[in-house]
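The primary structure of each chain is shown beneath.
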Amino acid sequence: QVQLVESGGGLVQAGGSLRLSCAASGIIFSINTMGWYRQAPGNERELVATITRDGSTNYADSVKGRFTISRDNTKNMVYLQMNSLKPEDTAVYYCNANRKIPYRPPMDYWGKGTLVTVSS
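This text gives an overview of the structure that appears in the document. (Residues numbered from 1 in each chain as written. Predicted model: local features only at pLDDT ≥ 70, side-chain atom pairs only at ≥ 80, totals over all residues. Heavy atoms only, no water.)

### A short note on the overall build of the protein
In step 1: The secondary structure content of the protein amounts to zero helices and eleven strands.
In step 2: Each helix (α) and strand (β) of the protein, taken in turn from the N terminus, gives the series β-β-β-β-β-β-β-β-β-β-β.
In step 3: In terms of C-alpha radius of gyration, the protein reaches 14 Å, essentially the compact-globule figure of 14 Å for 120 residues.
In step 4: In terms of principal-axis extent, the alpha carbons of the protein reach across some 50 × 25 × 25 Å.
In step 5: Relative to its 120 residues, the protein shows a buried fraction of 42%.
In step 6: Considering only contacts in the protein between residues 6 or more positions apart, those separated by 24 or more positions represent 54%.
In step 7: Computing the positive centroid from 13 side-chain charges and the negative centroid from 9, the protein places the two 7 Å apart. (Helix = DSSP H or I, 4+ residues; strand = E, 2+ residues; numbered from the N terminus. Rg over C-alpha atoms; globule rule 2.2 N^0.38 Å. Buried < 20%, exposed > 50% of the residue type's maximum accessible area, 1.4 Å probe, protein only. Contact = heavy atoms within 4.5 Å. Lys, Arg positive; Asp, Glu negative; His and termini not counted. Charge placed at Lys NZ, Arg CZ, Asp CG, Glu CD.)

The following block contains the structure:
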């Protein structure tokens, strides 16, 4: 009952920047943590960054100092600013939202992904 739509992916040269956006719609009042994950061909989907409703952030070691996650609760949007991109950042990036209903297990929702390709 939560829909997530990513945008902002594309082709960029190594050292360049991209900004990904994720719009959440539907039943969003109970969403706490949102985040970005990525999956390269042959790899498992991995955490990139997460952010809670109150702004606490968590980053994968591989992107610390280069990526910044942010959130606009009034617009139901989450963003990922990616700087100093490397070819190894090439992947499909997925937006994630975690929705917690009291006394029930948390539920995860996923967007369909946006492709980021970093050329060398």
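Having seen it, we continue.
### With respect to the side chain of Thr50
In step 1: Residue placement: Thr50 occurs in strand β5 (residues 46–51).
In step 2: Once residues within four sequence positions are removed from consideration, Thr50 is found in contact with Thr33, Met34, Gly35, Tyr37, Ser56, Thr57, Asn58 and Ile69.

### A few points about the pattern of salt bridges
In step 1: Enumeration over the complete set of coordinates arrives at four salt bridges.
In step 2: Across the pair Asp89 and Arg38 runs a salt bridge, and its minimum N-O distance is 2.9 Å. Pair noted here: Asp89 is in the loop between β8 (77–82) and β9 (91–99) and Arg38 is in strand β4 (residues 31–39), with a separation of 51 residues, a long-range link.
In step 3: Salt-bridge contacts for Lys64 lead to Asp61; the nearest nitrogen and oxygen are separated by 3.0 Å.
In step 4: Judged by its relative accessible area of 64%, Asp61 is exposed. (Salt bridge = Lys/Arg side-chain N within 4 Å of Asp/Glu carboxyl O.)

### Details of the environment of Arg19
In step 1: Looking at the element boundaries, Arg19 is found in strand β3 (residues 18–26).
In step 2: For Arg19, a relative accessible area of 45% gives the class partly exposed.
In step 3: Residues Arg19 and Thr68, 49 residues apart in the sequence, show an inter-C-alpha distance of 9.4 Å.
In step 4: Apart from residues lying up to four places away in sequence, Arg19 is in contact with Ser7, Gly8, Tyr79, Leu80 and Gln81.

### Considering the nonpolar core
In step 1: The biggest cluster of nonpolar side chains holds 30 residues, and the ones touching the most others in it are Leu4, Met34, Trp36, Leu80, Met82 and Tyr93.
In step 2: Of all the secondary structure elements, the ones that give two or more residues to this core are β1 (2–7), β3, β4, β5, β7 (67–72), β8, β9 and β11 (114–119). (Core = buried A, V, L, I, M, F, W, Y, C linked by side-chain atoms within 4.5 Å.)

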